[in-house]
Each structure stands twice: as structure tokens, then as C-alpha cells.
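# Observations on the model geometry
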Amino acid sequence: MQLNQHPDAIELYATLIRTPDGAIASEAIYHLGMLYLQQNQVDEAESIFSQSIGVGESADYYRLSSLAQLAAIYENIGKDSKAVSAYQLLVNSTSEERWVVAAEERIQALTDLKAAK
């Protein structure tokens with residue numbers, strides 16, 4: 001059985017988020033947020049992913065993944081300016097090309113959309 005299917009997964013991830021180890025907390029944030037998304041609990045996922053902003057190393061994979069998920073949630077619920085800010089934070093957090101290019105593409109698309117309105 002996978003952890004995210006276990007009935008106590010939410011409680012376990014919530015506990016791990018509070019650990020002083022940034023790498024563990026960052027990974028727990030990502031997995032808990034994804035678990036909430038899988039359960040279509042978007043508000044809870046947004047709240048959890050937003051915690052990634054101040055956790056872990058700037059370029060930590062799970063932190064970057066959480067920022068990308070947060071930006072996508074903002075985009076999907078029509079909070080375009082928050083989406084742009086989250087994507088910009090993602091760009092500023094890493095020099096890894098795949099993250100930067102994808103985030104910059106979304107920033108441009110959202111900027112173009114705003115200009116067309």
C-alpha cells in the first residue's frame with residue numbers, strides 16, 4: 001500500500017511538515033498538497049503548498065514542485081497576479097533551465113492574457 005492511500009497519511013505528513021529538517025518538511029508539504037489535490041480539496045492544497053515558500057533550500061526539488069503546484073492552483077482559480085508571483089518566485093529560486101523556462105512561459109501567457117482583457 002502506498003503511503004498516500006493510507007488513512008493516516010494526512011496526519012503523518014502534517015507531523016513531518018513541522019520537523020526542523022527543511023528537506024523533510026519540504027517533501028512532506030509537497031506530498032500532503034498533492035494528496036489534497038487528489039481528493040479535490042483545492043483550498044487545503046493551496047494552503048499547504050503556500051507553506052513551501054519559507055521552507056527548505058531555495059532550489060530543493062520538492063519546494064520547487066510545490067511552488068509550481070501553487071502557481072497552477074492560483075491560475076486555475078483565476079488568481080492570475082498571485083500565479084505570476086508564484087511563478088516568479090520559482091524562477092528566482094533556481095537556475096535549472098527546465099523550471100525557469102516553464103515558469104517564464106506561464107508568466108508570459110498570463111501577462112498576454114491580462115493585456116488582452
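A brief structural summary. Here the structure is a predicted model, which means the values were calculated and not measured.

### Digging into the overall build of the protein chain
The helix and strand inventory of the protein chain stands at 6 helices and 0 strands. Its helices and strands in sequence order give the protein chain the pattern α-α-α-α-α-α, from N to C terminus. Over its C-alpha atoms the protein chain spans a radius of gyration of 15 Å, differing by no more than 12% from the 13 Å that the globule rule assigns to 117 residues. The principal-axis extents of the C-alpha atoms in the protein chain amount to approximately 45 × 30 × 20 Å. Here the analysis covers contacts within the protein chain between residues at least 6 apart in sequence; of these, 44% occur between residues at least 24 apart. Surface summary for the protein chain: the accessible area is close to 6,800 Å², and the carbon and sulfur share equals 50%. Mean positive and mean negative side-chain charge positions of the protein chain (8 and 16 charges, respectively) differ by 8 Å.

### Focus on the environment of Ser 95
By the secondary structure assignment, Ser 95 is in the loop between helix H5 (80-93) and helix H6 (97-116). Separated by 36 residues in sequence, Ser 95 and Ala 59 have C-alpha atoms that sit 8.2 Å apart.

### Brief notes about the packing of aromatic side chains
A complete count under the given rule lists 3 aromatic pairs for this structure. Judged by centre distance (5.6 Å) and plane angle (50°), the ring pair of Tyr 30 and Tyr 62 falls under tilted. Residue Tyr 30 is found in helix H2 (residues 22-38), and its partner Tyr 62 is found in helix H4 (residues 61-76); the two are separated by 32 residues along the sequence. Ring centres of Tyr 61 and Tyr 62 lie 5.2 Å apart, and the angle between their planes is 80°; on these two criteria the pair is classed as edge-to-face. A residue is classified by how much of its surface remains accessible, and Tyr 62, at 23% relative accessible area, is partly exposed. Taken together through their ring pairs, the aromatic side chains of Tyr 30, Tyr 61, Tyr 62 and Trp 99 make up a single cluster.

### Focus: helix H1 (residues 9-17)
Among the residues making up H1, those that are buried are Ala 9, Tyr 13 and Ile 17. All buried residues of H1 fall inside an arc of 75° around its axis, so they share one side.

### Observations concerning the packing of H1 against H2
Where H1 meets H2, the axes come as close as 8 Å, and the angle between the chain directions of the two elements is 150°. Taken together, the axes of H1 and H2 lie roughly antiparallel to each other. When you trace H1 past H2, the crossing you get is left-handed. In this structure, H1 uses Ala 9, Ile 10, Tyr 13, Ala 14, Leu 16 and Ile 17 to contact H2, whose residues at the interface are Ile 24, Ala 25, Ala 28, Ile 29, His 31, Leu 32, Leu 35 and Tyr 36.

Cut-offs and rules
- Residues numbered from 1 in each chain as written.
- Predicted model: local features only at pLDDT ≥ 70, side-chain atom pairs only at ≥ 80, totals over all residues.
- Heavy atoms only, no water.
- Helix = DSSP H or I, 4+ residues; strand = E, 2+ residues; numbered from the N terminus.
- Rg over C-alpha atoms; globule rule 2.2 N^0.38 Å.
- Contact = heavy atoms within 4.5 Å.
- Areas by Shrake-Rupley, 256 points an atom, 1.4 Å probe, with all protein chains shown as cover.
- Lys, Arg positive; Asp, Glu negative; His and termini not counted.
- Charge placed at Lys NZ, Arg CZ, Asp CG, Glu CD.
- Phe/Tyr/Trp six-rings, centres within 6.5 Å; stacked < 30°, edge-to-face > 60°.
- Buried < 20%, exposed > 50% of the residue type's maximum accessible area, 1.4 Å probe, protein only.
- Arc of directions from axis to C-beta.
- Axes fitted to C-alpha atoms, helices over the stretch in contact; angles between N-to-C directions.
- Parallel < 35°, antiparallel > 145°, perpendicular 65-115°, else oblique.
- Left-handed = near helix turned anticlockwise from the far one by under 90°.

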